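Coordinate analysis (summary)
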Amino acid sequence: MATRFTHFVIAVCLTAALCPRPALSYKLSPRGTKVDVAVARQYSSWFDKIVTNLARTGADHFTEPVHEEITNRIYNCNDDDPLCNDPDSDYAGPYILAGVRWNDDPPFQLQKGEAKNLPCRTDQTIRFTTQPRCWVALFQDAGQKAAKGIPLNAGTHASLLARSHYGDLQFLHAMASADGEPAKDTHDKIMMWAEFTWKVSNGDYPPDAALNTITILGFEGFFGDSGKQVQDLFALGNPALKNWVAEVALGSLLHVIEDSFAGGHVDRANEGGVCPASGSLRTPGPVREFYSYINQDPDKHSEKDKRSAFLESLKGNNPTVVDVGRTVVEYHNKHAPWDQIRPYLDCVFQVVDPQAKASPGAAFQRD
């Protein structure tokens, strides 16, 4: 009886958005690509199929696909086109959107013997769509560990899910990894990831490149000891994506840029200026502070991740997040090498005070 009740609670939790939730980015549809769904249906147990279908059915009632909308607008979806906020729209395409989703839901596997007390299969890739019960359990576990001050990083062999939402990979959401982290440190990690994803998207690092051969400063400390390839990082468990790793990588970079305009992630100055290193291109207001999530109130944070907050941001920024994204895509369409786009991205993430300490932010502090 207890087991059935637990299963019921998890199913309701997923459909009614009552679970502790990832709140580290603009809201994102939890539905994966069509390939993710196909994999889930083929390999999951009967109950996992039911939970997955329930989660997908209820998702659109409780989650706004804001990241998808921003990305589709970047790819020239007109403001009044209802397809802009349709996760299945083809403006950006499925592989760019798969990359935008990657930061929130990166694929990973557990080692045998890990998560013994959780509903996880170690022989299968874990994503929200493939192992939803496991995903929720691991997310809750990560939050509890983070609250106790347990490090979630490569050294502690934490999952990508835990590291992205509560650990050392929070720069994937344009946020500091901990209170007190200097703005320059967060900036440098963001630029490290920008360089890596840009070079993957440009073909400088092919899908079968070993992660331990990446020579970008700072990269080794996050992924150098994984023993995996670039395609394992972006397309684990999804064979179709291995042919589109470049697009997935670009989508991941766009996710970081988009999150840097979310009010619960970053405090930006109101007006930007011209980036002197990139001609006449305008950049958004410089970063006054990269916030840290662990001591934020999730509900207060979430308010700034809603579609209404995104639409409001379009009125107060010059350039907007859509403008910046379009500039990045223009660089990519011209096959610009990293040395050409780096000055522009450096301006996009420019900080006012390199030593400014990360905090939850006065407006997002837990009561």
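Residues numbered from 1 in each chain as written. Predicted model: local features only at pLDDT ≥ 70, side-chain atom pairs only at ≥ 80, totals over all residues. Heavy atoms only, no water.

In this model, helix H14 (residues 321-333) (13 residues) spans 18 Å end to end at C-alpha, consistent with the 18 Å of a helix rising 1.5 Å per residue. Taken together, the buried residues of H14 touch helix H4 (66-74), helix H8 (183-201), helix H11 (245-259), helix H13 (307-316) and helix H15 (338-348). (Helix = DSSP H or I, 4+ residues; strand = E, 2+ residues; numbered from the N terminus. Expected span 1.5 Å × (residues − 1). Contact = heavy atoms within 4.5 Å.)

Before going further, it helps to examine helix H5 (residues 94-102). Owing to its 3.6 residues per turn, the α-helix brings residues three or four apart onto one side. Summarising burial for H5: seven of the nine residues are buried, a large majority. Buried within H5 are the following residues: Ile 96, Leu 97, Ala 98, Gly 99, Val 100, Arg 101 and Trp 102. Buried residues along H5 sit in contact with H4, H8, helix H10 (230-235) and H11. (Buried < 20%, exposed > 50% of the residue type's maximum accessible area, 1.4 Å probe, protein only.)

For the rest of this paragraph, the subject is the nonpolar core. Counting residues in hydrophobic clusters, the biggest one holds 86 residues, and the most contacted among them are Trp 193, Phe 196, Phe 234 and Leu 345. In terms of residues, this core owes the most to one element, H8, which gives nine residues. (Core = buried A, V, L, I, M, F, W, Y, C linked by side-chain atoms within 4.5 Å.)

On to the packing of H4 against H14. Any two packed helices are characterised by how steeply their axes cross, that is the angle between the axes, and by the distance between the axes. Direction vectors running N to C along H4 and H14 enclose 55 degrees, while the axes themselves pass 8 Å from each other. Between H4 and H14, the angle is such that the two are oblique. Between H4 and H14 lies a crossing whose hand is right-handed. Residue-level inspection shows Ile 70, Arg 73 and Ile 74 of H4 in contact with H14, the latter providing Val 321, Val 322, Gly 325, Arg 326 and Val 329. Classifying every residue of the contact of H4 with H14 by side-chain character gives five nonpolar, one polar and two charged. (Axes fitted to C-alpha atoms, helices over the stretch in contact; angles between N-to-C directions. Parallel < 35°, antiparallel > 145°, perpendicular 65-115°, else oblique. Left-handed = near helix turned anticlockwise from the far one by under 90°. Nonpolar A, V, L, I, M, F, W, Y, C, P; charged D, E, K, R; others polar.)

A covalent bond bridging the sulfur atoms of two cysteines is what the word disulfide describes. This model, assessed by the stated rule, comprises three disulfides. Through a disulfide, Cys 77 is tied to Cys 84; the S-S separation comes to 2.1 Å. Measuring handedness by torsion sign, the sulfur bridge of Cys 77 and Cys 84 sits at about -105 degrees and is left-handed. With relative accessibility at 1%, the residue Cys 77 sits in the buried group. Note on Cys 84: relative accessible area 1%, which makes it buried. The side chain of Cys 275 participates in a disulfide bridge whose partner is Cys 347; the two sulfur atoms lie 2.1 Å from each other. (Disulfide = S-S within 2.5 Å.)

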